[in-house]
Amino acid sequence: MRSFPIFVSFEGKPPLVVGGSELAAIKARLLLKRAPVVDIAAADMVAELKSLAEAGLVVLLPPRPGIDQLRGRPLVISATEDAEEDTRVSAMARALGVPVNVPDQPDLCSFALPAIVDRGDVMVAIGTSAAAPVLAQRLRAWLERELHPRLDSLAKFAAEYRAPVASRVPAGPTRRRFWERVFDGKPAKAVLAGNEPEAHRLIGEAIEEAALALPQEGRVLLVGGGPGDPDLLTMKAVRALKAADVIFYDRLVGAGVLELARREAVMISVGKAKGEHSVPQEKINALMIERAQAGETVVRLKGGDPLIFGRGGEELDALRAAGIAVEIIPGITAGLAAAASLQIPLTHRDVSHTVTFVSGHGLGGTEPDFDHLDLAALAGGQNTLLVYMGVTTAGDVARKLLDAGWKATLPVIAVENASRDNERRISTTLTELAEHPEELGLTSPAVLIFGEVAGLAAAGVVEDILSLREVRRVYA
Ligand code: SAH
């Protein structure tokens with residue numbers, strides 16, 4: 001049973017345990033962690049339950065409860081250890097819409113009991129969908145060690161200040177940051193150390209400070225989301241994702257990267273795939289400026305590095321012109337990720353001394369536009385060319401290079417979806433690519449590496465166009 005965790009209130013009717021055995025006592029004890037009273041429906045009770053009844057914590061009801069005893073209960077646990085009776089209670093509870101649990105009988109349960117770490121107002125419930133109770137127990141033991149024993153005091157302390165803070169500190173990012181500073185800073189430390197008077201003094205000071213402070217300044221973080229694998233993000237990028245109020249992200253950003261975003265952050269996709277409907281650049285700029293001016297922390301999350309072929313420069317200009325504070329967090333650009341995955345160096349003492357990053361598309365157009373590049377000067381080898389956005393123009397790129405005098409047999413490797421689970425690599429040569437670009441069967445996103453380094457031994461599986469053609473010829 002894949003289930004969703006919630007926290008149930010026992011403020012109305014008490015929960016009901018059916019059965020009076022040891023098992024029923026274990027369940028009653030668990031419920032008494034939060035329930036003021038637990039009702040037990042049983043013919044007889046073990047000693048523990050009897051003493052709980054004497055203390056007023058358990059109330060004994062007649063066995064075989066009927067519809068009227070079940071209706072309106074926050075939950076029912078049937079622990080009679082009599083299969084027929086448990087089935088009857090389960091069916092009745094389900095018909096009434098009352099959550100029911102029968103220990104070790106998942107088929108009879110509409111909810112599962114979690115492993116619990118109890119710190120008063122702070123409670124951690126662990127579930128493993130009944131797949132691995134031992135794992136849940138180990139996690140609980142670990143959390144018991146990790147979570148401060150005085151967490152409850154901290155939660156109560158914060159609750160006490162909720163209203164005063166709400167009336168003095170402006171809502172939104174300013175207030176959120178206030179609380180982050182309280183929990184990460186000295187007031188929380190003082191509470192956890194058991195020094196409540198000091199904690200009250202410190203939070204009082206913090207409230208005065210926050211109430212007097214100017215409204216929170218908004219800012220934009222231009223963040224490199226890397227090629228797709230979340231492990232390739234920088235620590236700074238992860239921190240930015242966790243601090244964001246709003247995130248504008250491109251289609252190229254990996255799903256695993258987006259999962260690291262702060263849960264409360266507003267996620268806005270701004271598209272940016274070739275030929276796909278996307279938000280126009282001016283609109284993206286305007287939205288970012290508007291949000292930052294409202295005091296929010298805006299993350300502009302772009303694939304790879306934000307300043308390589310990502311129109312990051314234009315966004316930077318627009319933000320600066322609007323007087324918005326900007327920070328840039330670099331990312332691993334696709335070409336570098338592809339080379340790392342292949343384990344081929346982009347510069348190499350013997351064969352390459354320069355690396356050139358080029359776009360396979362001209363400004364706004366679809367034709368390659370290398371006119372600004374002196375391709376003939378680079379033709380002498382000793383250079384590596386990384387072509388981005390070249391999936392549909394790879395053949396044209398190769399022909400331009402041949403025209404400029406580049407070596408006909410120069411090795412070329414294309415890498416699709418570098419660093420992702422579906423990464424694919426294909427090797428060919430300049431002439432082959434110029435003549436049969438479709439043979440690569442390339443899909444976007446892909447980078448192409450032109451240069452002698454593409455002929456060095458690569459790690460992992462590389463599809464070889466020439467061998468593939470030979471195989472097809474021989475077995476045709
Ligand atoms: N700022 C990005 C590039 C954006 S332009 C960066 O630094 O990587 C978009 C182009 O990047 C795509 O057309 C493709 O050539 C390349 N690209 C982005 N992610 C890629 C990936 N995971 N694998 C291969 N190429 C990728």
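Residues numbered from 1 in each chain as written. Predicted model: local features only at pLDDT ≥ 70, side-chain atom pairs only at ≥ 80, totals over all residues. Heavy atoms only, no water.

1. A few points about the site of the ligand
Filter applied, for reference: A cutoff of 4 Å decides nearness: a residue is near a molecule or strand if any of its heavy atoms lies inside that distance of it. Any pair of nitrogen or oxygen atoms within 3.5 Å is treated as a polar contact; in protein, a donor-acceptor pairing is required on top of that, and neighbouring residues in sequence qualify only through side-chain atoms on both sides. Here the Shrake-Rupley method, with its probe set to 1.4 Å, supplies the accessible areas, and only the displayed protein chains count as covering residues.
Residues in contact with the ligand amount to 18 residues; listed here are only the nearest, Asp305, Ile308, Thr333, Ala418 and Ala446. Here a nitrogen atom of the ligand sits 2.9 Å away from a polar atom, N or O, in the main chain of Pro227. At 2.7 Å, a backbone N or O of Ala446 approaches an oxygen atom of the ligand. Within the complex, the protein chains bury 93% of what would otherwise be the 540 Å² of accessible surface of the ligand.

2. Focus on the packing of aromatic side chains
Here is the rule: The rule is short: rings of Phe, Tyr and Trp, with Trp giving its six-membered ring, pair when the centres are within 6.5 Å, and they are stacked under 30 degrees, edge-to-face over 60, tilted in between. Each residue's exposure class comes from its accessible area (1.4 Å probe, protein chains only) as a fraction of the maximum for that residue type: buried when under 20%, exposed when over 50%, partly exposed otherwise. Segments assigned H or I by DSSP are reported as helices when at least four residues long, segments assigned E as strands when at least two residues long, and all are numbered from the N terminus.
By the definition in use, this model includes 5 aromatic pairs. Ring geometry for Phe178 against Trp179: centres 5.3 Å apart, planes inclined by 80°, an arrangement best described as edge-to-face. Each of the two residues, Phe178 as well as Trp179, counts as buried. Taking 5.8 Å as the distance between ring centres and 25° as the angle between the ring planes, the aromatic pair formed by Trp179 and Phe183 counts as stacked. Of this pair, Trp179 and Phe183 are both found in helix α7 (residues 173–184), 4 residues apart, which corresponds to roughly one turn of the helix.

3. Considering the packing of α7 against helix α9 (residues 196–212)
Test applied: To get an axis, fit a line to the C-alpha atoms, keeping to the stretch in contact for a helix; angles then go from 0 to 180 degrees between the N-to-C directions. Angles are sorted into four bins: roughly parallel if under 35 degrees, roughly antiparallel if over 145, roughly perpendicular if 65 to 115, and oblique for all others. By convention the crossing between two helices is left-handed if the near helix lies anticlockwise of the far one by an angle smaller than a right angle, and right-handed if it lies clockwise. Every residue pair with non-hydrogen atoms within 4.5 Å of one another is taken to be in contact. Under the grouping applied here, Gly and all other residues not named as nonpolar or charged are polar, the nonpolar ones being Ala, Val, Leu, Ile, Met, Phe, Trp, Tyr, Cys and Pro and the charged ones Asp, Glu, Lys and Arg.
Contact geometry of α7 with α9 gives a least axis separation of 11 Å together with a crossing angle of 155°. When the axes of α7 and α9 are compared, the pair comes out roughly antiparallel. For the crossing formed where α7 meets α9, the hand is right-handed. Only Ile203, Ala206, Ile207 and Ala210 of α9 make contact with α7, whose side of the interface consists of Phe178, Trp179 and Val182. Grouping the constituent residues of the contact of α7 with α9 by class yields 7 nonpolar, no polar and no charged.

4. Brief notes about the pattern of salt bridges
Here is the rule we go by: The salt bridge definition used is simple: a Lys or Arg side-chain nitrogen within 4 Å of an Asp or Glu carboxyl oxygen.
The full count for this structure, using the stated rule, is 35 salt bridges. Lys156 is the salt-bridge partner of Asp152, the closest N and O atoms lying 2.8 Å from each other. Of this pair, Asp152 and Lys156 both sit in helix α6 (residues 151–168), 4 residues apart, which is roughly one turn of the helix. Among the ionic contacts, a cluster of salt bridges with common partners joins Arg176, Arg177, Glu180, Asp245, Arg262 and Glu264.

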